[in-house]
Amino acid sequence: MMRPDLSDEVGAALAAGHPVVALESTIISHGLPWPRNLELARAVEGEVRAGGAVPATIAVIDGRLRAGLDAAALERLAAGERVAKLSRADLAVCMAEGRTGATTVAATMIAAARAGISVFATGGIGGVHRGAETSFDISADLRELAQSPVTVVASGAKAILDLPKTLEVLETLGVPVIAHGQDAFPAFWARESGLDAPLRMDDPSTIARAHVTRGALGLAGGQLVANPIPPQAEIPLSELAPLIARAQAEAEAEAVTGKAVTPVLLDRLRVLTDGRTLDANAALVRANARLGAAIAQEIVTAAAETAPRRGAPL
Ligand code: PSU
Ligand code: MN
């Protein structure tokens, strides 16, 4: 199996069994405007380090799939010129053509799994778009959660999505959706979506044990840990709902489809909230990086405890 090129730091951490947290790059290239995107990319790596783990930002640079980026690569992605948005369908094509691309949640999970990284922190996953019953727009992130053995820490799915349908699809695919520290499924910029998450866990060690147990059972796929945005940074859903509806109507009127939908909606909401969604986005990604680091540490411990009992009855 082809593995990503590991930076020296990531390679050394994985070889020594130290905790590593994967980070995606589409949020840098397509999710946030310059120069906030570069600042946040660096800050999020800093949060992972402060949490005692090594960050492994993932992208394809000149045809090479890499885990752990140097400053030049990070800057190139943030500047965003001729950077493709890569999901499962695009990854191998971009590599074969020797091009540069940023990985979505789905593509980052693929790379993390092949590098041997168990935890990945981001802002929000893709999901079922509103109007999917006619557009069929369902992010490849959902099926990836059912296939690649990575625990993804996010603040739920973006509030621009159809959250009830997103939860239904995740249930169908057998993906554990675990709210962290509360019953409600969070809605990205808001702590509560009005829906309960199917599962709840309150501490990183139990989440880590669930990750390891899932692997020990031979179940494919990972888990989604839905971590609510820190209270002081949240934008309540009541305030966002009319703006989301407006952004959605504008995108529809302009016939935006495919990969462009998510970046266009996020950018419209940034404008409509005077940049407040950006601040919220930064706060939640940082918090998720911290939680990801804690879970990664606990997985290292849980894996060591589970190993000697392999083959014994569960
Ligand atoms: N969440 C954000 N900003 C983003 C994304 C998520 O706050 O840019 C990106 C992630 O990379 C996610 C992707 O995997 O959007 C989903 O895109 P699509 O719906 O086209 O699959
Ligand atoms: Mn889509």
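Look up: the structure comes first, before these words.
Residue numbers run consecutively from 1 along every chain, following the written order of its sequence. Chains carry letters and ligands carry numbers; both start at the beginning, A for chains and 1 for ligands, and go up in the order they are written. Where totals are concerned, whole chains, interfaces and linings use all residues; where local detail is concerned, this predicted model gives features only for residues with pLDDT of at least 70, and gives and counts side-chain atom pairs only at 80 or more. The side-chain quantities take in all heavy atoms of the structure and omit both hydrogens and water.

Chemist: Can you tell me about the overall build of the chain, naming the residues and giving the values?
Modeler: Put simply, DSSP H or I for four residues or longer makes a helix, DSSP E for two residues or longer makes a strand, and each gets a number counted from the N terminus. Broken down by element type, the chain carries 13 helices and 11 strands. For the chain, whose C-alpha radius of gyration is 18 Å, the value lies close to the compact-globule estimate of 20 Å for 314 residues. With respect to the three principal axes, the spread of C-alpha positions in the chain is 60 × 45 × 35 Å. Here the chain, with 314 residues, has 54% of them falling under the buried criterion. In what follows, residue pairs with any heavy atoms lying within 4.5 Å of each other are defined as contacts. Look at the contacts in the chain between residues 6 or more apart in sequence, and 74% of them connect residues 24 or more apart. Counted as positive: Lys and Arg. Counted as negative: Asp and Glu. His and the chain ends are not counted at all. All charge positions are set by atom: Lys at NZ, Arg at CZ, Asp at CG, Glu at CD. The positive charge centre, built from 29 side chains, and the negative charge centre, built from 35, are 4 Å apart in the chain. Atoms counted for the radius of gyration: C-alpha only. Globule rule: 2.2 Å times the number of residues to the power 0.38. Each residue is placed in one exposure class: buried if its accessible area under a 1.4 Å probe, protein chains only, is under 20% of its type's maximum, exposed if it is over 50%, and partly exposed if it falls in between.

Chemist: So what's going on with the site of ligand 1? Residues and values would help.
Modeler: Every one of the 17 residues lining ligand 1 counts as a neighbour, but Glu24, Lys85, Val105, Ser139 and Asp141 are closest to it. Nitrogen and oxygen atoms within 3.5 Å of one another constitute a polar contact, given that in protein one can donate a hydrogen and the other can accept it, and given that sequence-neighbouring residues count only through two side-chain atoms. Glu24 has a polar side-chain atom sitting 2.5 Å from an oxygen atom of ligand 1. We get accessible surface area from the Shrake-Rupley algorithm with a probe of 1.4 Å; when it comes to residues, only the shown protein chains can shield them. Here ligand 1 has 480 Å² of accessible area as a free molecule, and 95% of this is covered by the chains. When contributions to the shell around ligand 1 are tallied by element, the ones reaching two or more residues are α2 (26-31) and α12 (261-272). Top contributing element to the shell around ligand 1 by residue count: α2, with 3 residues. Asp, Glu, Lys and Arg are counted as charged, while Ala, Val, Leu, Ile, Met, Phe, Trp, Tyr, Cys and Pro are counted as nonpolar; the rest, among them Gly, fall into the polar class. The residue makeup of the shell around ligand 1, split by class, is 4 nonpolar, 9 polar and 4 charged. Proximity criterion: a residue is near a molecule or strand once any of its heavy atoms comes within 4 Å of it.

Chemist: So what's going on with unusual backbone geometry? Residues and values would help.
Modeler: In terms of backbone geometry, most residues other than glycine have negative phi values and most peptide bonds are trans. That bond from Trp34 to Pro35 is cis: its omega, 0 degrees, falls within 30 degrees of zero. Tracing the chain through its elements places Pro35 in the loop between α2 and α3 (36-50). Backbone geometry places Ala255, a non-glycine residue, at a positive phi of 55 degrees. When you line up the elements, Ala255 lands in the loop between α11 (237-253) and α12.

Chemist: Can you explain helix α6 (residues 105-115)? Please cite residues and give values.
Modeler: Most of α6 is tucked away: 9 of the 11 residues are buried. Buried within α6 are the following residues: Val105, Ala106, Ala107, Thr108, Met109, Ile110, Ala111, Ala112 and Ala115. Backbone geometry just after α6 places Gly116 at a positive phi near 85 degrees.

Chemist: Please set out the pattern of salt bridges residue by residue, giving values where relevant.
Modeler: Should a side-chain nitrogen of Lys or Arg be within 4 Å of a carboxyl oxygen of Asp or Glu, the pair is scored as a salt bridge. Counted by the stated rule, this structure contains 19 salt bridges. Between Arg286 and Glu47 there is a salt bridge, with the nearest N and O atoms lying 2.9 Å from each other. Highlighted residues: Arg286 in helix α13 (residues 276-306) and Glu47 in helix α3, separated in sequence by 239 residues. Residue Arg286 is classed as partly exposed on the basis of its relative accessible area, which comes to 35%. The salt bridge involving Arg99 is made with Glu97; its shortest N-O contact spans 3.6 Å. Sharing partners across several salt bridges, the network here consists of Glu47, Arg286 and Arg290.

Chemist: Which residues make up the pairing of strand β3 (residues 54-61), and what values do they have?
Modeler: Most of β3 sits inside the fold, with 8 of its 8 residues counted as buried. Neither face of β3 is open: one carries Val54, Ala56, Ile58 and Val60, the other Pro55, Thr57, Ala59 and Ile61, and all of them are buried. By the convention used here, strands pair only if DSSP detects at least 2 bridges between them. By the bridge criterion, 4 bridges tie strand β2 (residues 20-23) to β3 in an arrangement that is parallel. Note on β3: the bridge partner recorded for Val21 is Pro55. With 4 bridges joining them, β3 and strand β4 (residues 64-67) adopt antiparallel strand pairing. Pairing of Ile58 across the sheet is with Ala67, part of β4.

Chemist: Explain the nonpolar core to me, and be specific about the residues and the numbers.
Modeler: Judged by nonpolar contacts, the single largest core of 101 residues is most densely connected at Val21, Ile125 and Trp189. Apart from residues no more than four positions distant in its own chain, Val21 is found in contact with Val48, Ala53, Val54, Pro55, Ala56, Ile117, Val119, Phe120, Ala121, Gly292, Ala293 and Ala296. In this text, buried Ala, Val, Leu, Ile, Met, Phe, Trp, Tyr and Cys residues form a nonpolar core when linked through side-chain atoms within 4.5 Å.

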